[in-house]
Every structure is written in C-alpha cells, then in structure tokens.
Amino acid sequence: MRLDNSTYEYIKEEVADLFIRYDVKCIPINGFELATKMGIVPIPYSSLSPKKLVVAQNISPDGFYMEPGDGREYIYYNDQVGYERCNMTILHEIGHAVLGHTEDTDSEIAEAEAAFFAKYAAAPPPLVHKLQPDCPEEIADTFCISFEASWHAWNYYSNWKRFHYAYGRFTAYEEKLNKLYGITA
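Residues numbered from 1 in each chain as written. Predicted model: local features only at pLDDT ≥ 70, side-chain atom pairs only at ≥ 80, totals over all residues. Heavy atoms only, no water.

**Observations concerning the pattern of salt bridges**
Phase 1: Counted under the stated rule, the structure contains six salt bridges.
Phase 2: For Glu9, the salt bridge is made with Lys12, and the minimal N-O distance between the two is 2.7 Å. Within this pair, Glu9 and its partner Lys12 are both found in helix H1 (residues 5–21), separated by three residues, close to a single helical turn.
Phase 3: The exposure class assigned to Glu9 is partly exposed, which follows from its relative accessible area of 29%.
Phase 4: Among the salt bridges present, the one from Asp70 reaches Arg72, with a minimum N-O distance of 2.8 Å.
Phase 5: For Arg72, a relative accessible area of 49% corresponds to the partly exposed category. (Salt bridge = Lys/Arg side-chain N within 4 Å of Asp/Glu carboxyl O. Helix = DSSP H or I, 4+ residues; strand = E, 2+ residues; numbered from the N terminus. Buried < 20%, exposed > 50% of the residue type's maximum accessible area, 1.4 Å probe, protein only.)

Here you go:
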C-alpha cells in the first residue's frame, strides 16, 4: 500500500526524533536496544508456554506489540527466524507503538506505516550515504539486514540520492541524523 508523501515525511521525522531522544548512535540499528531504552520489554516466542505460543502465533507468526493497560509495553517476537528478521520485527512493532496505532487504527494503513518505519529505521538513507555503498551487499553487511531488505534499502537510497542531489540539501530531520551520527555534509 502506498502512503501519502506527508505520512512518509512524518514517519521519517519520528524515526529521527526517536533516535535523538534515545541516543541511538550505533550502526547497525539494534531494535532490541531501542525497545529496552523505550521501556518496552521484548519477549521471545521461545519463552512462552505451549498454550501461549499458540495464541501468539495466531496473533502473528512474526511478532506483535502489546500494551495491556497496566502501564507496561511488550513486543512478542518469533525468535526462530534469525537475527535480521527478529530485529526488523522489533523495529516494525516499535513503529506501531511510536505511531500510536491502536485496535481502532485501520490495519492496512497501520501495517504499511509500521513497515515503512522499520525500513527507514533499519537503514536511514543519510546513514547509508555515509557508507557510500557500491552494492546492496554492503548495506546488508553494515546494517545487519537481510539480503532482501538490503535490496529495498539500496533502491530507496538510490532514489533518495537522486532527490537529494536535485534538492541540494538535507531535510531538517536528515540534518538531525547527520548531527547525531557525526556526519559532516
């Protein structure tokens, strides 16, 4: 699903502000660390009882965000799929939390927003630009994302770079990311 441009810009600003608020300066971006800094408890499916595991897998085979109403927040995630996918799931679920998605939010829109949030958070173009990659594999290795995700990041970065050079400068949120990561333009 394609979101409108203002939504994409809003999500990118949210990611940049989140990284600043929680002092996220390491590459690769670690969703587990970010969730913990945010006070969200990551819970692997492997730690669940067989009965709770069935319930969790029925909710989602990958993972889900839960705020049970007691002031605590949790991300349940399938830890049998490899680090890269687990990390993307955690970032995706953080996206739901940060973007304020509730059961009343249109699920198709919420999923598209959270997917973009995770994609942008895992490999923001200004940080990819610092790397100056020659191929998607370099993005995969540096940002610890899957090969498939690195192709998406590569294509997104290539489009971003064309726009960036045409526009001639970074956006305000990109400048914030550059400053946080010590990137001089």
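**A few points about the packing of H1 against helix H9 (residues 172–180)**
Phase 1: Two elements in contact, H1 and H9, have axes whose closest approach is 9 Å; the angle formed by their N-to-C orientations is 25 degrees. Viewed along their axes, H1 and H9 adopt a mutual orientation that is roughly parallel. Between H1 and H9 the crossing geometry is left-handed. Contacts between H1 and H9 pair Glu9, Lys12, Glu13, Ala16, Asp17, Phe19 and Ile20 from the former with Tyr173, Lys176, Leu177 and Leu180 from the latter.
Phase 2: A class-by-class count of the residues in the contact of H1 with H9 yields six nonpolar, no polar and five charged. (Axes fitted to C-alpha atoms, helices over the stretch in contact; angles between N-to-C directions. Parallel < 35°, antiparallel > 145°, perpendicular 65-115°, else oblique. Left-handed = near helix turned anticlockwise from the far one by under 90°. Contact = heavy atoms within 4.5 Å. Nonpolar A, V, L, I, M, F, W, Y, C, P; charged D, E, K, R; others polar.)

By themselves these figures say nothing about function.
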